Amino acid sequence: PSRRPLNSWLSNLLERQKQLDTWTGELGLPKLTWLSGLFSPQSFLTAVKQTTARRNEWALDRTENQTDVTRFWDAGQIPGLNKE
């Protein structure tokens, strides 16, 4: 159960829906992902590892995720990110 007020909870839900709509519309791995906005971030990271390992014919148990935590609030703040 969430301890968030309903207004905050609904805003968060709508942000998650927006992220999922954008992601599924592109049908590719996003350049950046709001991990805390996912319902199961661990599942997402595992799927990225599996997909990358299969595509590159790497051993899955030797594949690692690298996550860069930033203070950026939107994609426009990231230097060098092409929004196309």
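Residues numbered from 1 in each chain as written. Predicted model: local features only at pLDDT ≥ 70, side-chain atom pairs only at ≥ 80, totals over all residues. Heavy atoms only, no water.

An ideal rise of 1.5 Å per residue puts 22 Å on 16 residues; helix 2 (residues 41-56) measures up with 23 Å between its terminal C-alpha atoms. Taken together, the buried positions of helix 2 are occupied by Phe44, Leu45, Val48, Thr52 and Ala53. In an axial view of helix 2, the angular spread of the buried residues amounts to 165°, which keeps them on one side of the axis. Opposite the packed face of helix 2, turned more than 90 degrees from it, sit the exposed residues Gln42 and Arg54. Downstream of helix 2 by one or two residues, Glu57 has phi in the positive range, about 55°. (Helix = DSSP H or I, 4+ residues; strand = E, 2+ residues; numbered from the N terminus. Expected span 1.5 Å × (residues − 1). Buried < 20%, exposed > 50% of the residue type's maximum accessible area, 1.4 Å probe, protein only. Arc of directions from axis to C-beta.)

Within the secondary structure layout, Arg62 lies in the segment after helix 2. Under the relative-accessibility criterion, Arg62 is labelled exposed at 73%.

Unusually for a residue other than glycine, Glu57 sits at a positive phi of about 55°. Secondary-structure assignment places Glu57 in the segment after helix 2. Taking relative accessible area as the criterion, Glu57 reaches 75% and is therefore assigned exposed.

Attention now moves to the side chain of Thr63. When you line up the elements, Thr63 lands in the segment after helix 2. One polar contact links the side chain of Thr63 to the main-chain carbonyl oxygen of Ala59, over a distance of 2.9 Å. Among residues more than four places away in sequence, those in contact with Thr63 are Lys49, Ala53 and Trp58. (Polar contact = N/O pair within 3.5 Å; in protein donor to acceptor, adjacent residues only side chain to side chain. Contact = heavy atoms within 4.5 Å.)

What follows is about the environment of Gln66. For Gln66, the position within the fold is in the segment after helix 2. Residue Gln66 is classed as exposed on the basis of its relative accessible area of 68%. Here the alpha-carbon distance between Gln66 and Ser36, two residues 30 residues apart in the chain, equals 16 Å.

Limitation: the analysis is restricted to geometry and does not speak to function.
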